[in-house]
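Each chain is listed here by its residues.
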Amino acid sequence: MAEVAARVAQVDPVWTHVCEEARAAVRDEPLLGGFFHTGILHHPTLERALGYRFSLKLASGEMSEQLLREIADTAYASAPELGQAARADCVAVYDRDPACHRFLQPILFFKGYQAIQAYRIGHWLWTTGRRDLALFVQMRVSEVFGVDIHPNARVGKGIMIDHAHSIVIGETAVVGDNVSMLHSVTLGGTGKEDGDRHPKIGNGVLIGAGAKILGNIRVGDCCRVAAGSVVLHDVPPCKTVAGVPARIVGEAGCSQPSLTMDQNFDDEG
């Protein structure tokens, strides 16, 4: 695994670009020179920078920055896929968020990106049997970022969570690759039932602000869920749903809604 990390570090266009942007930012705003150096330029890899950010943001009187840094560094060293997902997420935010003009912005400024990277460490802890520590990470991510993702949830790569305030993703939820969602989205249950009770979101899905997707249902690949909708039943692939309760109002309108981020639709009902 160390060999894999070394090869990634040698040829890492995302991290190279981030460092170039950070050096330019220091020249443009010298008052933030220390911020850009400690956040980016002091670190040899993206993983080390993310570990630093994770520990800095989640430290509290109950868990020191040093201990959290050790946890993050161990996670990234043990599971190279965490760093790969972090790169895919960073590119996703840069490509899809019109407010993102540099790769360093998600890493340093965007709580949606930072929250999903912290969730990934919590998920690694959960899958390696360290469940109390994983729940501690979930608690701190919720307190700091306003994003509550259970560490047992399975979230793919290439994820963009815009604004990210009040995101809730339940314990048995599954989110595919290249999904985009806006603030106040809930992937939740419908009551007190136990077991597999949360939504399964396919690849390439776009979920609008305030949408609620509830129960053990599936939203198919490349769907659009309109803002404010309440989805209670399965949605076939490549459809647009809207309303309370949500109903199919048309086709998705394109092959990859999560990439185009087009939330306009004509009600064909």
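Residues numbered from 1 in each chain as written. Predicted model: local features only at pLDDT ≥ 70, side-chain atom pairs only at ≥ 80, totals over all residues. Heavy atoms only, no water.

### What to know about the packing of helix α4 (residues 46-58) against helix α8 (residues 111-127)
Next up, step 1: The geometry of α4 relative to α8 is characterised by a closest axis approach of 10 Å and an angle of 95 degrees between their N-to-C directions. In terms of their interaxial angle, α4 and α8 are classed as roughly perpendicular. Contact residues: α4 offers Leu50, Arg53, Phe54, Lys57 and Leu58, while α8 offers Tyr113, Gln114, Gln117, Ala118 and Ile121.
Next up, step 2: The class makeup of the residues in the contact of α4 with α8 is six nonpolar, two polar and two charged. (Axes fitted to C-alpha atoms, helices over the stretch in contact; angles between N-to-C directions. Helix = DSSP H or I, 4+ residues; strand = E, 2+ residues; numbered from the N terminus. Parallel < 35°, antiparallel > 145°, perpendicular 65-115°, else oblique. Contact = heavy atoms within 4.5 Å. Nonpolar A, V, L, I, M, F, W, Y, C, P; charged D, E, K, R; others polar.)

### Quick word on the packing of α8 against helix α9 (residues 131-145)
Next up, step 1: Running from amino to carboxyl end, α8 crosses α9 at an angle of 170 degrees, the nearest separation of the two axes being 8 Å. It follows from the interaxial angle that α8 and α9 lie roughly antiparallel. In contact with Lys111, Gln114, Ala115, Ala118, Gly122, Leu125 and Trp126 of α8, α9 contributes Arg131, Leu133, Ala134, Leu135, Val137, Val141 and Phe145.
Next up, step 2: Residue composition of the contact of α8 with α9, by class: 10 nonpolar, two polar and two charged.

### With respect to the packing of aromatic side chains
Next up, step 1: By the definition in use, this model includes three aromatic pairs.
Next up, step 2: On the basis of an interplanar angle of 65 degrees and a centroid distance of 5.3 Å, the ring pair of phenylalanine 35 and phenylalanine 36 is categorised as edge-to-face.
Next up, step 3: Assessed through its relative accessible area of 25%, phenylalanine 35 is described here as partly exposed.
Next up, step 4: Residue classification places phenylalanine 36 among the buried positions, given a relative accessible area of 3%.
Next up, step 5: Here phenylalanine 35 and phenylalanine 109 contribute two aromatic rings whose centre-to-centre distance is 5.7 Å and whose plane-to-plane angle is 25 degrees, an arrangement assigned as stacked. One end of the pair, phenylalanine 35, is in helix α3 (residues 33-41); the other, phenylalanine 109, is in the loop between α7 (104-108) and α8, with 74 residues separating them in the sequence.
Next up, step 6: Judged by relative accessible area, phenylalanine 109 falls into the partly exposed class, the value being 41%.
Next up, step 7: Three or more aromatic residues joined by ring pairs make a cluster, and in this case those are Phe35, Phe36 and Phe109. (Phe/Tyr/Trp six-rings, centres within 6.5 Å; stacked < 30°, edge-to-face > 60°. Buried < 20%, exposed > 50% of the residue type's maximum accessible area, 1.4 Å probe, protein only.)

### Points about the layout of surface pockets
Next up, step 1: Of the volumes computed, that of the second largest pocket is approximately 190 Å³.
Next up, step 2: Around the second largest pocket sit Ala79, Glu81, Leu82, Ala85, Tyr119, Arg120, His123, Trp124, Thr127, Arg154 and Val155, which together line it.
Next up, step 3: Looking at the lining of the second largest pocket, the elements that each hand over two or more residues are α6 (80-96), α8 and β2 (154-155).
Next up, step 4: Considering each element in turn, the lining of the second largest pocket owes the most residues, five residues, to α8. (1 Å grid on protein atoms, 1.4 Å probe; cavity = no way out; pocket = protein on both sides within 12 Å on 5 of 7 lines; lining within 4 Å. Points joined across faces, edges and corners; volume = space filled by probe spheres on them.)

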